[in-house]
Amino acid sequence: MMTNKRIPTIGKGLAPLPLNRRDIRLDDAFWSPKLEVLRTVTIKDVFDKFEKSGALANFDRVAQGQRGGHQGPPFFDGLVYETIRAASDFLAAAYDVQLDARLDGYISRIGAAQAAVGDGYINTAITLACPEKRWGAQGGDQLWSHEEYNAGCLVEAGVHHFRATGKTSLLTLSVRFADHLCAVIGPDPRRNIVPSHPLAEEALVKLYQLLVDAPDLARTLGCRVNPREYLRLVRFWMDHRGDHQERISFTEYAQDHCSLYEQPEAVGHAVRGMLLYAGLAALAAEEGSSRDYTTLHRLWRDVVERKLFITGGVGPIKEYEGFGYGYYLPPTGYIETCAGVGLAFWASRMHQLFGGAEYLDVYERVIYNNVLAGISLEGNRYSYENPLYSQGSMHRWDWHGCPCCPPMLLKLFAEMPQLILTQTGTDIYVNLYIGCKAQVSLPAAHVNLGIETHYPWDGAARITLHPEEASTFGLCLRIPRWCRTYTISVNDKAMRKVARTDGYVHIKRLWHDGDQICINLAMPVERIIAHPFVNGLRECTVIQRGPVVYCLEGVDNPQVADPVLPPYPVFAYEFLPGLLGGVVRVTTQAADGAPLVLNPYYTWDNRPIPKEHDWLRVWLRQQDWYTLRSELDANPRKAWGQTLYQPIPSCPPL
Ligand SMILES: [Zn+2]
């Protein structure tokens, strides 16, 4: 059971904690089949492909004391650990004897490699190719070697594997490496090394949290350092970005151009940035200061108000997989799957640090659109880039020389159910409308809770509460940012006055066994336009319904060349259970009367398409765009303010 002893009190009171993965069972028409594909197809596919490309054999070579012959990029070790982390979360949700045994086999090979090196360090690329270049010594290339990244992935996998299985086999290896990091990196006489590719920051916070939750564990594992040392190392890393004494600068590319606390905006490699900020949020939840909170708020606002694609993706620049300047959001942008995953992790950490639904709005946007598009419906083809425009050049791949995205995506979706509900000890937050059965332990009561819904195709959800005995607590229902009208009833009685703060409706009362709360979020088809500063999207709109962004593909619209929407199109929509795994399809007419057929963006490129119809559009040309926008601009209640995307009116002004 999660304990509340670490909950920080930040302005708004208690911050919310996610549920333990074991305490929530998914039962959802949309997500259950998808997660089952990930568990039964993708995990196996990814492990098989790693084995085939030599990622596991690298550990064997190190264990056998060989030199040379490393296969794949230097971060292969980390990708294997990431897949073990994801597989562990799936094991926690549903035990699978074969998967458990497969993980045991990998862990013993990793352990043999670590034992052969002897001091807790593992990085197969460095050990096989250039052991004298550890941590950038002798001209080693830290930007490329990913030593801290691999270490972080191992630490995190160990924590997740232990939480899922109760086994200490991988966690022991994690602790050895973490102790080694603490011995080598830090203030004088240790070395000024910061992760060129972040991830270890959040990982060490997780390890610290585990050892605080289970104080006897450190002794069992033979920890050589006090677990607080892990937090100190993370703080050292945060404090020493931009401090280039006795090391080279990783520049803006790796957010190392100046002190993190002074960085005015999100720059550089987007995945590195997202994981760095997630790490800072994780650290701040343990020992935050106003400097951390200000930094996090500043960077968050920069990303969500100026650098977020409509699908929740980030990072338009292909050359360095990174951020551009503000409002540079071209439909041909790079938009890497890993960057979207990183943003979702950061959003989750921000919610846990500060509370509030705005972080879940971003989380929801990115999981239903950008990240889901990163994998085929069959679960065995993947993408780096998730463009919003294609003329036939972009398709998912079977595998890749740099297969970073599949493990990242697996980690996110394996963990996602934990965020459906969070709790502060006094309130239960319903963050995501996803069908499930869960148990939540509040000091006041142990509550079993069920959510039934057909989201994201329908905005209705029914929540049934089963407190062990009648108890008073708060139930907080998230009102998504896309939703403009909604109704709520408790035991069939409509609630007329509902208080709404931080994006949630709070209902505090004495709850009885069987109480039912129904929420209905109106989910019309809408056209969205981007902020006037987004030059590349002038005269364009996107079609969205609820959290789902729609796209036009040539395969459904063979007669259409360059669609233009009329000022006030009429939309129809229908749930088609046999189409693309079951989707709501939207239809309308172009300005020239041609029928247009739209499907959810995440489903694109899942059907064989003749070459001449191999195209994709997310942003559609819009007739009378300036007039439509001026209606919006003229309405002071809908002034742009900090908003990056807004719906335009569906009918002319009276
Ligand atoms: Zn990637």
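Residues numbered from 1 in each chain as written. Predicted model: local features only at pLDDT ≥ 70, side-chain atom pairs only at ≥ 80, totals over all residues. Heavy atoms only, no water.

Some points on the coordination of the zinc ion
Taken together, E336 (OE), C338 (SG), C404 (SG) and C405 (SG) make up the full set of protein donors to the zinc ion, lying 2.0 to 2.3 Å away. The site at the zinc ion holds four donor atoms, and with the angles between them running 102 to 118°, its shape is tetrahedral. Counting gaps between the donor residues of the zinc ion yields the pattern E-x1-C-x65-C-C. Note that E336 is positioned in the loop between α13 (290-306) and α14 (337-354) and C404 in the loop between β3 (389-390) and α16 (405-415), a separation of 68 residues in sequence. In this structure C404 comes out as buried when scored by relative accessible area, which is 12%. (Donors = N, O, S within 2.8 Å, 3.2 Å for Na, K, Ca; no water. Tetrahedral: all angles 85-135°; square planar, octahedral: opposite > 155°, others 65-115°. Helix = DSSP H or I, 4+ residues; strand = E, 2+ residues; numbered from the N terminus. Buried < 20%, exposed > 50% of the residue type's maximum accessible area, 1.4 Å probe, protein only.)

Observations regarding the nonpolar core
In this structure, W31 and W346 are the most contacted members of the largest nonpolar core, which totals 218 residues. Element by element, the count of residues in this core is highest for helix α12 (residues 270-287), at 13 residues. Contacts of W31, omitting those with residues within four sequence positions, involve L26, I367, Y368, L372, F413, M416 and I434. In this structure, I529, L632, W640 and I648 belong to the second largest nonpolar core, which totals six residues. (Core = buried A, V, L, I, M, F, W, Y, C linked by side-chain atoms within 4.5 Å. Contact = heavy atoms within 4.5 Å.)

Observations regarding the sheet that holds strand β1 (residues 17-18)
Reading across the sheet, the six strands line up as β1-β4-β5-β9-β13-β12 and stay open at both edges, with mixed pairing between neighbours. Each of the sheet's edge strands pairs with one partner strand only, and the pair in question is β1 and β12 (500-501). Direction of pairing for strand β9 (residues 471-478) relative to strand β13 (residues 504-511): antiparallel, over a ladder of eight bridges. When the bridges of β13 are listed, G474 appears paired with K508. (Pairing = 2+ DSSP bridges.)

A short note on unusual backbone geometry
For the bond from D188 to P189, the omega torsion is 5°, close enough to zero to count as cis. The topology assignment puts P189 in the loop between α8 (169-184) and α9 (200-213). Here the bond from Y455 into P456 is cis, since omega is 5°, no more than 30 degrees from zero. Along the chain, the position of P456 falls in the loop between β7 (446-453) and β8 (460-467). The phi dihedral of Q138 falls on the positive side, at around 55°, and the residue is not glycine.

Concerning the environment of A347
For A347, the position within the fold is in helix α14. With a relative accessible area of 0%, A347 lands in the buried category. On a C-alpha basis, the gap between A347 and T487 in space is 27 Å, while along the polypeptide they are 140 residues apart. Ignoring sequence-local partners within four residues, the contact set of A347 consists of W300, Y359 and Y363.

Here's the deal with the environment of N535
With respect to the helices, strands and loops of the structure, N535 is situated in the loop between β15 (525-530) and β16 (540-545). On the basis of relative accessible area, N535 is assigned to the exposed category, the value being 57%. For the pair N535 and D361, spaced 174 residues apart in the sequence, the C-alpha separation amounts to 25 Å.

With respect to the packing of aromatic side chains
Two aromatic rings are characterised by how far apart their centres lie and by the angle between their planes. For the structure on display, the rule yields 31 aromatic pairs. Connected via pairs of aromatic rings, a cluster forms that spans F30, W31, Y368, F413, Y433, Y455, W457, W482 and Y602. When the ring centre of F30 is taken as reference, the NZ or CZ atom of K34 above it lies at 4.3 Å. (Phe/Tyr/Trp six-rings, centres within 6.5 Å; stacked < 30°, edge-to-face > 60°. Lys NZ or Arg CZ within 6 Å of the ring centre and 35° of its normal.)

Re the environment of I543
Relative to the helices and strands, I543 is located in strand β16. C-alpha separation for the pair I543 and E262, spaced 281 residues apart in sequence, amounts to 38 Å. Dropping the residues within four chain positions of it, I543 is found in contact with V525, E526, R527, V548, V549, Y550, L565, F571, V586, L598 and L620.

A short note on the pairing of strand β19 (residues 572-576)
Sheet topology note: the β19/strand β20 (residues 583-589) ladder contains five bridges and is antiparallel. Directly across from A572, in β20, lies its bridge partner T587. The antiparallel hairpin formed by β19 and β20 contains six residues in its connecting segment, where L580 sits at a positive phi of about 50°.

Here's the deal with the pattern of salt bridges
Applying the stated criterion across every chain yields a total of 43 salt bridges. Bridged by salt links that share partners, the residues E82, R85, E156, K206, K411 and E415 form one connected network. (Salt bridge = Lys/Arg side-chain N within 4 Å of Asp/Glu carboxyl O.)

Observations regarding helix α17 (residues 625-634)
Among the residues making up α17, those that are buried are W625, L628, R629 and L632. An end-on view of α17 places all buried positions within 95° of arc, on one side of the element. Those residues of α17 that are buried lie in contact with β15, β16, β23 (620-622) and β24 (645-647). (Arc of directions from axis to C-beta.)

Quick word on the domain arrangement of the chain
Splitting the chain by domain gives domain 1 (21-131 + 141-419), domain 2 (422-521) and domain 3 (526-647). The C-alpha-based centres of domain 1 and domain 2 are spaced at 32 Å. Listed as interface residues are 19 residues of domain 1 and, on the opposing side, 22 residues of domain 2. Summing both partners gives a buried area of about 1,800 Å² for domain 1 against domain 2, and 56% of it is carried by carbon and sulfur. For the pair domain 1 and domain 2, the number of links is three salt bridges. K437 is paired through a salt bridge with D27; the nearest N and O atoms lie 3.8 Å apart. Along the contact surface separating domain 1 from domain 2 lie twelve residue pairs in polar contact (both at pLDDT 80 or more). (Domains from an automatic or database assignment. Buried area = accessible area lost by both parts, 1.4 Å probe. Polar contact = N/O pair within 3.5 Å; in protein donor to acceptor, adjacent residues only side chain to side chain.)

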